[in-house]
Amino acid sequence: SKWNLLIRMILMETKEYALVVDAEKCKGCKKCEIACVEAHTNLTRKEIIKNKATHLSRIKVCKIEKAKVPVQCHQCHNAPCARVCPTAALVREPGMVRVRQQLCVGCKMCVMVCPFGAINVAHDEPIIGDAVPTSRKVAIKCDQCTEWRAKNGEELTACAKACKFGAIKFVEIH
């Protein structure tokens, strides 16, 4: 039910988590990217691959010299993206930096100041919380699959679950 989902989401937000990446284990398969899009959209894995929809992913596999490294939001405690946001759409909450999409104007200030390149502006992201659902340019970044984990009873993020090489770990920080 909606109440159970809400309770699970609140319990998840009281703990602090981090995605830890082991670059030596990453094979560059991009299954983490596909799993991320699948967790945040209504697209199937097949549709994501066919339509090259990985641009909606909140994690990116980058090639740096000979290594491949998954890059995602580091949920900074003193988050430059939240400090620079003119509409307070990005806020630091316990455990993460959250995008309040209904406040985002798509100015890309957060994209410019993120030291990790972990924020994108998506063109067709449905806006939850608007009086009338719209699709406009908004910031998207790793949300640690909070809603997806609560809805599906998952402990891991979609990217960590999808990584069969153990390159991505989702761990609780104490």
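So, a few notes on the structure that sits alongside this text. Because the structure is a prediction, the values reported are computed rather than measured.

Quick word on the pattern of salt bridges
The final tally for this structure, using the stated rule, is 4 salt bridges. Residues Arg92 and Glu16 are paired through a salt bridge, measuring 3.2 Å at the closest nitrogen-oxygen approach. In this pair, Arg92 sits in strand β4 (residues 90-93) while Glu16 sits in strand β1 (residues 16-21), placing the two residues 76 residues apart along the sequence. For Glu16, a relative accessible area of 22% puts it in the partly exposed group.

Looking at the nonpolar core
With 30 residues, the main nonpolar core has Cys81, Leu90, Ile119 and Ile168 as its most contacted residues. Taken together, the elements giving at least two residues each to this core come down to β1, α2 (31-40), α4 (80-84), β5 (96-99), β7 (135-140), α7 (158-162) and β8 (168-173). In this view, Leu90 contacts Cys81, Ala82, Cys85, Val97, Arg98, Val99, Cys110, Ile119 and Lys141; residues no more than four positions away in its chain are not counted. Of all hydrophobic cores here, the second largest spans 7 residues; its members include Ile34, Val37, Ile48 and Ala53.

Some words on α2
The periodicity of an α-helix, 3.6 residues per turn, causes residues three or four positions apart to be oriented the same way. For α2, the buried fraction is high: 7 of the 10 residues fall into the buried class. Among all positions of α2, only Cys32, Glu33, Ile34, Ala35, Cys36, Val37 and Ala39 are buried. Residues of α2 that are buried sit in contact with α3 (45-50), β2 (60-64), α6 (146-152), α7 and β8.

Things to note about the packing of aromatic side chains
Enumeration over the complete set of coordinates arrives at 1 aromatic pair. Each ring, one from Tyr17 and one from Phe170, has its centre 4.8 Å from the other, and the planes form 15°; the classification is stacked. Highlighted residues: Tyr17 in strand β1 and Phe170 in strand β8, separated in sequence by 153 residues. Each member of the pair, Tyr17 as well as Phe170, carries the same accessibility label: buried.

Quick look at unusual backbone geometry
A positive phi angle is found at Gln75, which is not glycine, with a value near 50°. Among the residues examined, Gln75 registers a relative accessible area of 7% and is labelled buried. In this structure, Lys108 takes a positive phi of about 70° despite not being glycine. Residue placement: Lys108 occurs in the loop between β5 and α5 (109-113). Classification of Lys108 as partly exposed rests on a relative accessible area of 41%.

Rules used in this analysis
Residues numbered from 1 in each chain as written. Predicted model: local features only at pLDDT ≥ 70, side-chain atom pairs only at ≥ 80, totals over all residues. Heavy atoms only, no water. Salt bridge = Lys/Arg side-chain N within 4 Å of Asp/Glu carboxyl O. Helix = DSSP H or I, 4+ residues; strand = E, 2+ residues; numbered from the N terminus. Buried < 20%, exposed > 50% of the residue type's maximum accessible area, 1.4 Å probe, protein only. Core = buried A, V, L, I, M, F, W, Y, C linked by side-chain atoms within 4.5 Å. Contact = heavy atoms within 4.5 Å. Phe/Tyr/Trp six-rings, centres within 6.5 Å; stacked < 30°, edge-to-face > 60°.

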